[in-house]
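# Breakdown of the fold
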Amino acid sequence: MTAQTQTLPAHAGILQLMTGAYVAGAVACLAQLGVPDLVEAAPKSAEELAKQIGADPNALYRLMRATASVGVLAEGPDGKFSQTPTSRVLCSDATPSLRAFAMMAGGEWHGRGWSHLEYCVRTGKQALEQIHGMDIFEYLKVNLEEGQIFNDAMTELSMIDSPAVAEAYNFEGIRSIVDVAGGHGLLLGTILKKNPHMRGTLFEAPHVVEGARNGPLKGVMERCTLASGDMFSSVPEGVDAYIMKHIIHDWPDNRCVQLLKACRKGVNPGGKLLVVDSVIQAGNDFSPGKFLDLQMLIFPSGCERTKKQFRDLFAAAGWKLSRIIPTAAGDSIVEGVVA
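Residues numbered from 1 in each chain as written. Predicted model: local features only at pLDDT ≥ 70, side-chain atom pairs only at ≥ 80, totals over all residues. Heavy atoms only, no water.

### Focus: the overall build of the chain
Assigned secondary structure in the chain consists of 17 helices and 11 strands. Based on the C-alpha atoms only, the size of the chain along its principal axes is roughly 65 × 55 × 45 Å. A total of 339 residues make up the chain; the buried ones form 42% of that total. The long-range share in the chain, meaning contacts at least 24 apart out of those at least 6 apart in sequence, stands at 63%. Accessible surface, the chain: about 17500 Å² in total, of which carbon and sulfur atoms supply 55%. Separation between the mean location of the 31 positive side-chain charges and that of the 36 negative ones in the chain comes to 6 Å. (Helix = DSSP H or I, 4+ residues; strand = E, 2+ residues; numbered from the N terminus. Buried < 20%, exposed > 50% of the residue type's maximum accessible area, 1.4 Å probe, protein only. Contact = heavy atoms within 4.5 Å. Areas by Shrake-Rupley, 256 points an atom, 1.4 Å probe, with all protein chains shown as cover. Lys, Arg positive; Asp, Glu negative; His and termini not counted. Charge placed at Lys NZ, Arg CZ, Asp CG, Glu CD.)

Encoded structure:
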């Protein structure tokens, strides 16, 4: 006989949900201080670590005690803290590492954005436009330190989902592909290494492309072209497929249609469109994508989409949604063919 899972009283459930912000804030602070890196070699006390990072020993102990209670560090009977598999992910040299992602989530600009969610819901406008008078991409260009943390966080996520995309999709029959707004080319490089029959083009903004020459594409540059421009106006033409990861969700429908129409114009006969994003499922089941969708409302002004929304978006740009392929990283590959 299986034991019944005890259901929390409603008030206790709400308290548990609301204090989740405390947990996230504590983990972000631990990453910002670099504590997981410092306990990698051996367990250390709060007093030892406080001297290394310039912190108050009592306050640092309270932080570490709290994160240890959720498995991020472990406190021994001697009061020293050691690494756990979960805290290891916050180390700078971890594979994968989510240190920059945690730091970004704990950033002042990120927290202020969430504090303005009501404004976003009432107006449909971005939080940072109301707070700073600019959108997120402009803000990160002006605030270089936050921009670097953001870029590092996106690279960390790409190190997780790029191999999953390359593994989940069969690129047989695709000889040439353009990675639209592909950053420094981690996804494209991963795909090309797994598929030696393919050639690729990384299409990005000029200042981003320059940083790609000695990045993840270095080992496949003989099969890769770098190109730059405005993706909403035109994209490199004459290829078998276009792929874009976590791009569509940053933009409202009208801008996405512009981009997808440019891809439709440039694709070879029988070509494919591959959009890597979350696909929202109907129902009351928990889904991280539904909360990520709220973040899209707060910051980039885009959204996570359902299967129907993807189908309609593709149709408006001359594509037909053919199938949705899940990946091990949680995202899906939404495949389109020429309508």
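### Comments concerning the nonpolar core
Counting 28 residues, the largest nonpolar core has Y242, M244, I248, L259, L260 and F314 as its most contacted members. Elements represented by at least two residues in this core include exactly β3 (176-180), β6 (239-245), α15 (253-266), β7 (267-277), α17 (307-316) and β10 (319-326). One finds V165, F171, L187 and A241 within the second-largest nonpolar core, a separate group that totals 24 residues. (Core = buried A, V, L, I, M, F, W, Y, C linked by side-chain atoms within 4.5 Å.)

### Details of the pattern of salt bridges
Inspection of the entire model under this criterion finds 11 salt bridges. E108 serves as the salt-bridge partner of R112, at 3.7 Å between the closest nitrogen and oxygen. Of this pair, R112 and E108 are both found in helix α8 (residues 108-115), 4 residues apart, which corresponds to roughly one turn of the helix. Overall, the relative accessible area of 33% leaves R112 in the partly exposed class. Notably, a salt bridge pairs K194 with E167, separated by 3.2 Å at the nearest N-O pair. One end of the pair, K194, is in helix α13 (residues 186-194); the other, E167, is in helix α12 (residues 144-168), and 27 residues separate them in sequence. Using a relative accessible area of 44% as the deciding quantity, one classes K194 as partly exposed. Here the residues in one salt-bridge network are E40, R88 and D93, joined through shared partners. (Salt bridge = Lys/Arg side-chain N within 4 Å of Asp/Glu carboxyl O.)

### Topic: the packing of helix α4 (residues 46-53) against helix α5 (residues 57-68)
Contact pair α4 / α5: the axes reach a minimum separation of 9 Å and the direction vectors enclose 115°. As the angle between them shows, α4 and α5 are arranged roughly perpendicular. Every pair of crossing elements has a handedness; the one defined by α4 and α5 is right-handed. Along the contact surface, α4 presents A46, E47, L49, A50 and I53, while α5 presents P57, L60, Y61 and M64. Grouping the amino acids of the contact of α4 with α5 by side-chain chemistry returns 8 nonpolar, no polar and 1 charged. (Axes fitted to C-alpha atoms, helices over the stretch in contact; angles between N-to-C directions. Parallel < 35°, antiparallel > 145°, perpendicular 65-115°, else oblique. Left-handed = near helix turned anticlockwise from the far one by under 90°. Nonpolar A, V, L, I, M, F, W, Y, C, P; charged D, E, K, R; others polar.)

### Some points on the confidence of the model for the chain
The pLDDT averaged across the chain works out to 93; a share of 98% of its residues lies at or above 70. Here residues 1-5 scores under 50 on pLDDT; set against residues more than four positions off or in separate chains, the count is 0 contacts. (pLDDT = per-residue confidence, 0-100.)

### Quick word on the packing of aromatic side chains
Tallied over the full model, the rule gives 8 aromatic pairs. Taking 4.8 Å as the distance between ring centres and 70° as the angle between the ring planes, the aromatic pair formed by Y169 and F171 counts as edge-to-face. The pair Y169 / F171 is uniform in exposure class, with both members buried. Ring plane angle 80° and centroid distance 5.0 Å describe the contact between F232 and W251, whose orientation is recorded as edge-to-face. (Phe/Tyr/Trp six-rings, centres within 6.5 Å; stacked < 30°, edge-to-face > 60°.)

### Notes on the sheet that holds strand β5 (residues 224-228)
Strand order in the open sheet made by the 7 strands is β5-β4-β3-β6-β7-β11-β10, with mixed pairing throughout. Either end of the sheet is taken by a strand with one partner, and the two such strands are β5 and β10. Ignoring strand direction, the axes of neighbouring strands in this sheet form an average angle of 20°. With 5 bridges joining them, strand β4 (residues 199-204) and β5 adopt parallel strand pairing. In the strand pairing of β5, T201 is matched with T225. (Pairing = 2+ DSSP bridges.)

### Quick notes on the environment of V121
In this structure, V121 sits in helix α9 (residues 117-123). For V121 and L294, which are 173 residues apart along the polypeptide, the C-alpha to C-alpha distance reads 9.2 Å.

### Some words on the pairing of β10
Each regular strand displays side chains that alternate between the two surfaces of the sheet. Where β10 lies against strand β11 (residues 332-338), 7 bridges are found, and the strand directions are antiparallel. Bridging across to β11, I325 finds its partner in I333. Adjacent in sequence and paired antiparallel, β10 and β11 are bridged by 5 residues, among which G330 carries a positive phi angle near 105°.

### Let's talk about α13
If you check which residues of α13 are buried, you get L187, L188, G189, I191 and L192. If you follow the buried residues of α13, they end up packed against α12, β3, β4, β5 and β6.

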